[in-house]
Every structure is written in C-alpha cells, then in structure tokens.
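Fold and contact review
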Amino acid sequence: MLVGVLALQGAFREHQKALKACGVNTVQVRKPEQLDELNALVIPGGESTTMGKLLLQFKLLDAIADLGRKGMPIFGTCAGLIMLAKDIIGSDQPRLGLMDIKVERNAFGRQVFSFESELDIPPLGAKPFQGIFIRAPYVVDVGPGVDIWAEYNSKIVCVKQDNLLAAAFHPELTEDIRLHRKFLEIVNIEPKCI
Ligand code: GLN
C-alpha cells in the first residue's frame, strides 16, 4: 500500500509523518507517472492558487481529477480542500473540482488569520479534535451526497463525499492522527496506528 502526498508546495512533510505514524508507506508526488502506483493521495495545505498553477504546469491536474473520479481516495486539507471543491466563490482558479461543495477562501476574516479550536468530529469518537486553522477556508454549501463531519461556529469545516475527505484545518500539524487513520479506513487499509 502506498499513499502519495502531493509535494509541489505546502505542508507535505507533516502529512507524511502522520501517515507513517499510521503504518503506511508514503511518497512525495511531483510527476504524473507516479500516480499509477498510488492507492490514495493527500493534498496538503499551502496556497491554492499557486498549487493550481503548479498542478497545471506539472500536468497533474487532469490526471489527478481523472483518478479521483474513478474512485481513488483523496484527502485534502485547507488549500487541499479548496483544490477539491467544484465551486470557489469569486474565483476561476484551477482546481480538481471533484467535491460537490462551495467554498470561500480566507473565510474567517483578516482579524483571525490563524486560530485553534476544539472540534467535535463524531466519526472520530467523543474526544475533541484540535483544529488548527491558518487562513482557512470554510464550506458554504454542500450537495446531497456530501456528509458534514465537523462545524466550527456553525461553519462547515470537514466534509466527506464517497472516496473524498476534506478538512479546512491542519490535522497534520497536531500529534492526533485520528483523521488520517479514518482516511486510511476509506482506502481500506487496515490501520496500524500506535
Ligand atoms: N488561504 C489559503 C488559500 O486560499 C489556504 C491556507 C492554507 O492552506 N493554510 O489557498
């Protein structure tokens, strides 16, 4: 089993660390020919407009979108959530457009570019999850096939749709690997987390 972490920019090393703690092999993905060997892909936080341009430049955008449509599990965090969205308010930036969600970028306002808050994510159990938000987006609207996994102040910040999982916050910056482990359940890997 091999999980790729898109490594064009952003917090990809931290995702690799979390996935390794779950007992799976990871690889940094920068080329389309690497995609064939993957069982799943993680798209990290970063800057979604830059990431979109780089995805086009490296000929990864259509290739990843195709695999996602065919059912490859993809987990996007923060900018990764934006990349997964069909609809980005006020922007025509390149995106994968796989999830039936409408997102607003930098949505928590200038005064709180970054903050932390405990989140209730029922699929992860009763223990709260520490949400680290860095110039985070939130989800404004979801289609019928999308499950809402978490909200912060009535704003949707974690969603799942079939093979796709997306979080507006940064689980890879905490020591809590429950969300990565949950993603690996989607991938059908028997998680061996410690
Ligand atoms: N604000 C960034 C964007 O719009 C996302 C921030 C992040 O990934 N931490 O792309």
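If you're wondering where the values come from, they're calculated on a predicted model, not measured in any experiment. (Residues numbered from 1 in each chain as written. Predicted model: local features only at pLDDT ≥ 70, side-chain atom pairs only at ≥ 80, totals over all residues. Heavy atoms only, no water.)

Looking at the overall build of the protein
Helix and strand counts for the protein stand at 5 helices and 12 strands. The C-alpha radius of gyration of the protein comes to 15 Å, within 12% of the 16 Å expected for a compact globule of 194 residues. A separation threshold of at least 6 residues defines the contact pool for the protein, and within that pool the share at least 24 residues apart is 63%. When the accessible surface of the protein is totalled, it reaches about 8,800 Å², and 47% of it is carbon and sulfur. (Helix = DSSP H or I, 4+ residues; strand = E, 2+ residues; numbered from the N terminus. Rg over C-alpha atoms; globule rule 2.2 N^0.38 Å. Contact = heavy atoms within 4.5 Å. Areas by Shrake-Rupley, 256 points an atom, 1.4 Å probe, with all protein chains shown as cover.)

With respect to the environment of Phe169
Within the fold, Phe169 resides in the loop between β12 (164-167) and α5 (178-186). Taking the relative accessible area as the measure of exposure, Phe169 reaches 0% and is therefore buried. Sequence separation between Phe169 and Asp120 is 49 residues, and the spatial gap between their C-alpha atoms is 13 Å. Discounting chain neighbours no more than four positions away, the residues touching Phe169 are Thr77, Cys78, Leu119, Ile121, Phe129, Gly131, Ile132, Phe133, Val157, Cys158 and Leu179. (Buried < 20%, exposed > 50% of the residue type's maximum accessible area, 1.4 Å probe, protein only.)

A few points about the site of the ligand
In the vicinity of the ligand, the contacting residues are Gly45, Gly46, Glu47, Ser48, Cys78, Ala79, Ile82, Arg105, Asn106, Ile134, Arg135 and His170. Note that a nitrogen atom of the ligand is positioned 3.0 Å from one of the backbone N or O atoms of Ile134. Between the ligand and the protein, one listed contact pairs a nitrogen atom with a side-chain N or O atom of His170 at 3.0 Å. Summarising the interface, the protein chains cover 94% of the accessible area of the ligand, which totals 300 Å² for the free molecule. (Near = heavy atom within 4 Å. Polar contact = N/O pair within 3.5 Å; in protein donor to acceptor, adjacent residues only side chain to side chain.)

Examining the packing of aromatic side chains
Geometrically, a pair of aromatic rings is defined through the distance of the ring centres and the angle of the planes. This model, assessed by the stated rule, comprises 10 aromatic pairs. Consider the rings of Phe108 and Phe133, whose centres lie 5.6 Å apart with planes at 70°: the pair is edge-to-face. Of this pair, Phe108 sits in the loop between β6 (99-104) and β7 (114-119) while Phe133 sits in strand β8 (residues 129-134); the two residues are 25 residues apart in sequence, bridging distant segments of the chain. Taking the centre distance of 5.1 Å and the plane angle of 70° together, the rings of Phe108 and Tyr138 count as edge-to-face. Here Phe108 is found in the loop between β6 and β7, whereas its partner Tyr138 is found in strand β9 (residues 138-142), with 30 residues between them in sequence. Members of the aromatic cluster, joined through ring pairs, are Phe108, Phe115, Phe129, Phe133, Tyr138, Tyr152 and Phe169. (Phe/Tyr/Trp six-rings, centres within 6.5 Å; stacked < 30°, edge-to-face > 60°.)

A word on the nonpolar core
Ranked by internal contacts, the top residues of the largest apolar core, which has 72 residues, are Phe133, Val157 and Phe169. Contacts of Phe133, omitting those with residues within four sequence positions, involve Phe108, Phe113, Ser114, Phe115, Leu119, Tyr152, Val157, Ala168 and Phe169. (Core = buried A, V, L, I, M, F, W, Y, C linked by side-chain atoms within 4.5 Å.)

What to know about unusual backbone geometry
Even without being glycine, Asn153 reaches a positive phi, approximately 50°. Secondary-structure assignment places Asn153 in the loop between β10 (147-152) and β11 (155-161). The class for Asn153 is exposed, based on a relative accessible area of 58%. The backbone of Asp162 sits at a positive phi, close to 50°, despite the residue not being glycine. On the secondary structure map, Asp162 appears in the loop between β11 and β12. Its relative accessible area of 56% is what places Asp162 among the exposed residues.

Structural notes on the state of the cysteines
Each disulfide is one covalent bond, formed between the sulfur atoms of two cysteines. Under the defined criterion, the tally for this structure stands at 0 disulfides. Among the cysteines around Cys158, which has no disulfide bond, Cys78 carries the closest sulfur, lying 12 Å off. Taking relative accessible area as the criterion, Cys158 reaches 0% and is therefore assigned buried. (Disulfide = S-S within 2.5 Å.)

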